[in-house]
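Here are the chains, one letter per residue:
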Amino acid sequence: MNFKARARALQFSPDGKYFAISNEKNIQIWKAPGHTREFAPLVLMSTATGHHDLVTGVNWSPDSKYFISTSKDMTCRVHLLEKTNEEFRSSSMAGHRDYIVNAWFSADMEHIYTFSKDGALFHWVHSTYADLHGVDSDSEMMDVDEDGNEIKRIDKLRWRIKEKHFFNQPGVKVNEAQFFAASNLVVVGFTNGLFGIYEVPHFTTIHTLSISQRKIDAVAINSTGEWLAFGSAALGQLLVWEWRSESYVLKQQGHYYDINSVSYSGDGQLLATGGDDGKVKVWNTASGFCFVTFSEHSSGVNAVEFAKQGKVVFSASLDGTVRAFDLVRYRNFRTFTSPNPVQFTSLAVDPSGEIVCAGTLDTFEIFVWSVQTGKLLDILAGHTGPISSLAFSSTGMVLLSGSWDHSCRTWDVFGRNKSIETLVHQTEVLAVAFRPDGKEVAAATLDGTITFWDIAEAKITRTIEGRKDIMGGRKKDDRTSADNAASGKCFNSLCYTADGSCIIGGGTSKYICIYDVESAFLVKKFQISRNLALDGTQEMLNSKHMKEFGSLEEWEDEGSDREDRIDRSLPGTRTGDLSVRKVRPEVKSKAVRFSPTGRAWTAATTDGLMIYSLDEDILFDPFDLEIDITPETVAETLGEKEYLKALCMAFRLNEKPLIHTVFEAIPSDSVELVCQNMPEKYLLKLLGFVGMHMEVSPHIEFHLLWVTSTMTAHGRYLRDHRGQFQPVFRALHKGVNRVRDDIASL
């Protein structure tokens, strides 16, 4: 669905039948799609007008009959969904001195609360002037005209201001606010990274806390009103706060600028990334969360690599250092430097993890260090251009380097002859990769070509002309169409699959391509983003935005705030504050990697870190297809001593008394056999039930037998999916500790 304008506010009605979306100065009401399949499920019901500037927020009344809209014209309006009441008129509420951020109905629909950018909270009630001020309506409604005659003024029933409250924070403005009607709680996010919780209508401060150095862009409240979520776009922060206990539930922060490199651990469970913000982050691929961040680098990180079975991460940076981080103690245990200050652009670690090599940007040399001693072992010279990429063979005996001097070189790091062979290309080499067997190498060049070399014969075996495969996407200032915009498209990262049959390439395009190595055919092409906030995602541009002086989209936003337009960068600096986006970032991928398991691959793009996987959470369940599952059939199956089938059927029905009956009826000598044949889909339910049942049941040995048998039979699967089973493991740990403490106290 294309609304042909920027959607600044979107809200579903409480009954789920409609949703309201802002469209410039108007609000559109659409019928929400239901469970029945329709040809055109989205139907435009009505369009609400009345505002003279951009709409900033839309919220519904609890009965879904009314909705309230706020605008930058410093007014808010109450609208009726269905025009059944002919006497109803859309009322406008004015009085704020800055544009209104948001507005809400109270749970009883007798109050309205509005928040403006300057930190003012207005409390509105639907009343007459006389009732609001507690005066006699007859005396107050009399007015005098120019001739001195008395005129009785009609005291109409409308929304009026009852109270005005102010946050009184000099120089700080409200950026986002949310309201929880059940408890009358207001959560406000300010531009200085502070958030506050207030109770209305008395405007009582419950809690305030500073959580960020930049402004809070998003605020959300869960359905119970206990958890608060905050987001800061400038720093890429996401935080979930439990305000009653004043504790963090979740705290995550991504790279707040481009991700330059990515690397998988040996088991495919961890990902390491390095970015222009100088940070190295390690992520869990199962949960998608970052669990450790290293900030020792003082400049952008260009390359990261895992070693030592995923216990050590190496990183190379433009600050002239290569650092080694310990993932057991979470510390920087080794720092490698060069005799003269240089900038490192590439990194390679041999399979044993004892030798680390880094290529430079300015001296065109490759530095070799010993990880054990930290000493510089050798300097490999010979390239006449910056080193763009490094790769070790699977045996660790040969090092491959790619350079901007139109060549690749193979080096015998442990031998006396430092340069073995020079592989000459037509243009600059941007990326190199070794096939897992070490007999073939691939090199990506600036003209969009991938060249494959036989490393033993030093000859070209095949080439892939990839420029036409990754071409596409038109930037806002392009003078040519997307079909003819092939210039500049190239691969800057390559990676083989675990078996060496395919190769993946990503670069200066919105596409990532996977090729079959033997036939050089394109297997699949992925579009990494359709985010219109990025430049180059669209195939066609709107001609009405193109003028003789350039694109209208290059102008600053019409309603942008003054504080967002202030340039705080130092004079003479080219980059300035990396979090300030003066132009739209271009859609592209900086690095691509295949998982060692061969089941997934990841890409570091301008839209974030993306993981594509063949594995799905939904596993095949044969019991769904063969058996009519009822409590009676479960009892019959249990009577026939088919314990595994009966337990799985009970899990399907998900009735705790039935699961308890079957669980207690299984004899102890059959537990091990049942655990060995238990489908992986039911492991989460089984361990969760054991952990819960252990708290109330006296059968200590019986429960420990279930736990040990399940861990022994499915240990590998539980380890590979430990992120999914973390709550269950904690429950089991708690239950075992309780039993141990009870026994110790006897």
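Going by the structure above, here's the rest.
Source: prediction; values computed, not measured.

Quick word on the side chain of D469
Now for step 1: Locating D469 in the fold gives a position in helix α3 (residues 467-470).
Now for step 2: The side chain of D469 is buried and forms no salt bridge, while K525, the nearest opposite charge, is found at 5.7 Å.
Now for step 3: At a separation of 2.7 Å, a polar atom in the side chain of D469 contacts the side chain of Y515.
Now for step 4: In this structure D469 touches Y511, C513, Y515, L522 and K525, once residues within four positions along its chain are discounted.

Topic: the packing of helix α11 (residues 700-713) against helix α13 (residues 722-744)
Now for step 1: Running from N to C, α11 and α13 point in directions that differ by 145°, and their axes come no closer than 12 Å. Both α11 and α13 take part in a crossing whose hand is left-handed. On α13, the residues that touch I700, L704, V707 and M711 of α11 are F729, L732, V736, V739 and I743.
Now for step 2: Class assignment for the residues of the contact of α11 with α13 results in nine nonpolar, no polar and no charged.

A few points about the nonpolar core
Now for step 1: With 35 residues, the main nonpolar core has L647, M678, V690 and W706 as its most contacted residues.
Now for step 2: Listing elements by their share of this core, those giving two or more residues are α6 (631-639), α7 (643-653), α8 (656-665), α9 (671-676), α10 (683-693), α11, α12 (715-720) and α13.
Now for step 3: For this core, the leading source of residues is α7, giving seven residues.
Now for step 4: Not counting the four nearest positions on each side in its chain, W706 is found in contact with L647, F663, I666, V671, V674, C675, L686 and V690.

Here we look at the pattern of salt bridges
Now for step 1: By the definition in use, this model includes ten salt bridges.
Now for step 2: A salt bridge links E586 to K475; its shortest N-O distance comes to 3.3 Å. Note that E586 is positioned in the loop between α4 (562-565) and β49 (589-594) and K475 in the loop between α3 and β43 (491-496), a separation of 111 residues in sequence.
Now for step 3: Judged by its relative accessible area of 25%, E586 falls in the partly exposed class.
Now for step 4: For K475, a relative accessible area of 26% corresponds to the partly exposed category.
Now for step 5: By sharing partners, the salt bridges in this structure join R435, D437, E440 and R462 into a single network.

How each quantity is defined
Residues numbered from 1 in each chain as written. Predicted model: local features only at pLDDT ≥ 70, side-chain atom pairs only at ≥ 80, totals over all residues. Heavy atoms only, no water. Helix = DSSP H or I, 4+ residues; strand = E, 2+ residues; numbered from the N terminus. Buried < 20%, exposed > 50% of the residue type's maximum accessible area, 1.4 Å probe, protein only. Lys, Arg positive; Asp, Glu negative; His and termini not counted. Salt bridge = Lys/Arg side-chain N within 4 Å of Asp/Glu carboxyl O. Polar contact = N/O pair within 3.5 Å; in protein donor to acceptor, adjacent residues only side chain to side chain. Contact = heavy atoms within 4.5 Å. Axes fitted to C-alpha atoms, helices over the stretch in contact; angles between N-to-C directions. Left-handed = near helix turned anticlockwise from the far one by under 90°. Nonpolar A, V, L, I, M, F, W, Y, C, P; charged D, E, K, R; others polar. Core = buried A, V, L, I, M, F, W, Y, C linked by side-chain atoms within 4.5 Å.

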